Amino acid sequence: MKTQSPPFKVMSASGTRLILDNGRQLIDAISSWWCMIHGYSHPDIVSAISDQAAQMSHVMLGGLTHDPAERLASQLEAITPGDLSHVFFGDSGSVGVEIALKMAIQYASNQGYVDRSKIAYLTGAYHGDTLGAMSVCDPEEGMHRLFGRVVIPQLQLPRPPKLGTGGDDAYLNQVESILSHNRDAVCAVIIEPLMQGAGGFYLYSPTIVQGVRRICDTLGILLICDEVATGFGRLGSMFASERCHVVPDIMVLGKALTGGHIGMSATIARPHVFGQFWSDFPDRALMHGPTFMGNPLACRAALASIQLLKEGDVLNRIAQIEQRLGWLYDLRNRTNVVDVRVMGAMGVV
Ligand SMILES: *Cc1c(COP(=O)(O)O)cnc(C)c1O
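Description of the structure in this document. (Residues numbered from 1 in each chain as written. Predicted model: local features only at pLDDT ≥ 70, side-chain atom pairs only at ≥ 80, totals over all residues. Heavy atoms only, no water.)

Here the focus is the site of the ligand. Surrounding the ligand, one finds Trp34, Ser92, Gly93, Ser94, Tyr126, His127, Gly128, Glu192, Asp226, Val228, Ala229 and Lys255. A distance of 2.9 Å is found between an oxygen atom of the ligand and a backbone nitrogen or oxygen belonging to Gly93. Coverage of the ligand by the protein amounts to 83% of the 380 Å² it exposes when considered alone. (Near = heavy atom within 4 Å. Polar contact = N/O pair within 3.5 Å; in protein donor to acceptor, adjacent residues only side chain to side chain. Areas by Shrake-Rupley, 256 points an atom, 1.4 Å probe, with all protein chains shown as cover.)

The following block contains the structure:
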């Protein structure tokens, strides 16, 4: 707080604009950390939230259920790739990642593999700020180094080569050898498919995502795709895994899930993962219950956002955005510009 410049005070926000207390307007080119995909105060999302608030703003999702949660779960099943179908709602991306990690660990232990409790992650990764999520983040980046002695040790994999620089096969051989060497200790690999977001908008090849999928299949290790940043069209397809033609065993969604209007996450599993929890023994169940799990306001916001994605020809519009962002490449020759990267609705200098 002491070293930061004082924040701007925002009075309202609409479309791409933030309106400050002194009347100034700012264009928010980072979409509030990439989540505000339809723009601020989208009328459809705002009215869905206020309509729901008048009926029931919250009820615990324990022993109770409600229509918005059930409808959202089936929408997510419908739009996510392959047979991803069992949805666990959380309240933020970090919590969604925590749930995915617990799911993977218990998936192994429910099968009797209690020692397979480690998660493999990529150098350069970012998966959230809670302690479990931090354990699969790059250990050097950001503030995480300070917590090195507290964070659970996991299995670090090298960073994939940058998109377009080659070396994919050599990289995959290296990953395969590390994972097969640690086969008895590892239950899952977690990746941000195609782009490491907070790790510098670092793009890598779809071939690597496919290769990691193949290695996981061969070794019987789960693949978790953290699509908190890449989900809902950011890179030009609804999900980055889709663009790579890969179906993860577990997918984590957040950020743009509600069009950015309220915090929420979804951790979605395939039937073979769910099957390991479906049991006559209660202790086989996945024990996780955030207070605001499946919050109806967030569910309605997400349903409205998904509706907009479906009806709005959004993928074509993202292709147009990608084209328009092409002008950024002109900046490559400027001094102090190291690299320019454009994919879908992501442009980074
Ligand atoms: C932002 C982000 C998270 C964490 O989400 P929060 O809602 O900030 O907790 C996790 N994974 C990825 C890839 C992210 O970009």
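There is more to say, and it comes next.
It is worth spelling out the sheet that holds strand S11 (residues 250–253) at this point. Spatially, the seven strands line up as an open sheet ordered S4-S12-S11-S10-S7-S5-S6, and their pairing is mixed. In this open sheet, the two strands that pair with only one neighbour each are strand S4 (86–90) and strand S6 (155–157). Within this sheet the neighbouring strands show an average axis-to-axis angle of 20 degrees, counted without direction. Sheet analysis places strand S7 (residues 186–191) next to strand S10 (residues 222–226), joined by four bridges and oriented parallel. By the bridge assignment for S10, Val189 is matched with Leu223. Each of S4, S11 and strand S12 (265–269) touches helix H3 (residues 67–79); the most contacted strand, S4, lies at about 125 degrees to it. (Pairing = 2+ DSSP bridges. Helix = DSSP H or I, 4+ residues; strand = E, 2+ residues; numbered from the N terminus. Axes fitted to C-alpha atoms, helices over the stretch in contact; angles between N-to-C directions. Contact = heavy atoms within 4.5 Å.)

The strand order S1-S2-S3 describes an open sheet built from three strands, whose pairing is antiparallel. What marks the edges here is a single partner per strand, and that holds for strand S1 (10–14) and strand S3 (25–27). Looking at each pair of strands side by side, their axes are set apart by 25 degrees on average, direction ignored. Across four bridges, S1 lies against strand S2 (residues 17–20) in antiparallel orientation. Counterpart to Ser14 in the pairing with S2 is Arg17.

On to the pairing of S10. Most of S10 is tucked away: five of the five residues are buried. With burial as the criterion, each face of S10 is covered, one bearing Leu222, Ile224 and Asp226 and the other bearing Leu223 and Cys225. Note that S10 and S11 share three bridges and pair parallel. Across the sheet, residue Cys225 finds its bridge partner in S11, namely Met251. (Buried < 20%, exposed > 50% of the residue type's maximum accessible area, 1.4 Å probe, protein only.)

Turning next to the nonpolar core. One broad trend across soluble globular proteins is that nonpolar side chains are buried collectively. The biggest cluster of nonpolar side chains holds 51 residues, and the ones touching the most others in it are Leu72, Leu76, Met103, Ile224 and Phe232. The leading source of residues in this core is helix H4 (residues 93–109), at nine residues. In contact with Leu76, not counting residues within four places along its chain, are Val87, Phe89, Phe232, Leu253, Leu257, Ala266, Ile268 and Ile306. In this structure, Leu155, Leu157, Leu194 and Cys216 belong to the second largest nonpolar core, which totals 31 residues. (Core = buried A, V, L, I, M, F, W, Y, C linked by side-chain atoms within 4.5 Å.)

Here the focus is the side chain of Ser31. You can see Ser31 is positioned in helix H1 (residues 31–34). Judged by its relative accessible area of 17%, Ser31 falls in the buried class. Filtering out sequence-adjacent residues up to four positions away, Ser31 remains in contact with Met36, Tyr40 and Arg234.

Once that is clear, we can look at the packing of aromatic side chains. The tally for this structure, following the rule as stated, stands at three aromatic pairs. For the ring pair Trp34 and Phe201, a centre distance of 5.2 Å and an interplane angle of 70 degrees mean the geometry is edge-to-face. Residue Trp34 is found in helix H1, and its partner Phe201 is found in the loop between strand S8 (195–196) and strand S9 (202–203); the two are separated by 167 residues along the sequence. Consider the rings of Phe274 and Trp278, whose centres lie 5.7 Å apart with planes at 35 degrees: the pair is tilted. We note Arg116 situated over the ring of Tyr113; from NZ or CZ to the ring centre the distance is 3.8 Å. The aromatic ring of Tyr202 is capped on one face by Arg159, whose charged end is 3.7 Å from the ring centroid. (Phe/Tyr/Trp six-rings, centres within 6.5 Å; stacked < 30°, edge-to-face > 60°. Lys NZ or Arg CZ within 6 Å of the ring centre and 35° of its normal.)

Our next topic: helix H6 (residues 168–181). For H6, which comprises 14 residues, the first-to-last C-alpha distance of 20 Å matches the rise-based estimate of 20 Å (1.5 Å per residue) to within 8%. All of the buried residues along H6 are Asp168, Tyr171, Leu172, Val175 and Leu179. Down the axis of H6, the buried side of the element spans an arc of 95 degrees, and every buried residue falls inside it. Across from the buried face of H6, at angles greater than 90 degrees, the exposed residues are Asp169, Ala170, Asn173 and His181. Buried residues in H6 make contact with strand S5 (118–122), S6, S7 and helix H7 (206–219). (Expected span 1.5 Å × (residues − 1). Arc of directions from axis to C-beta.)

Any functional reading would require information beyond the geometric quantities listed.
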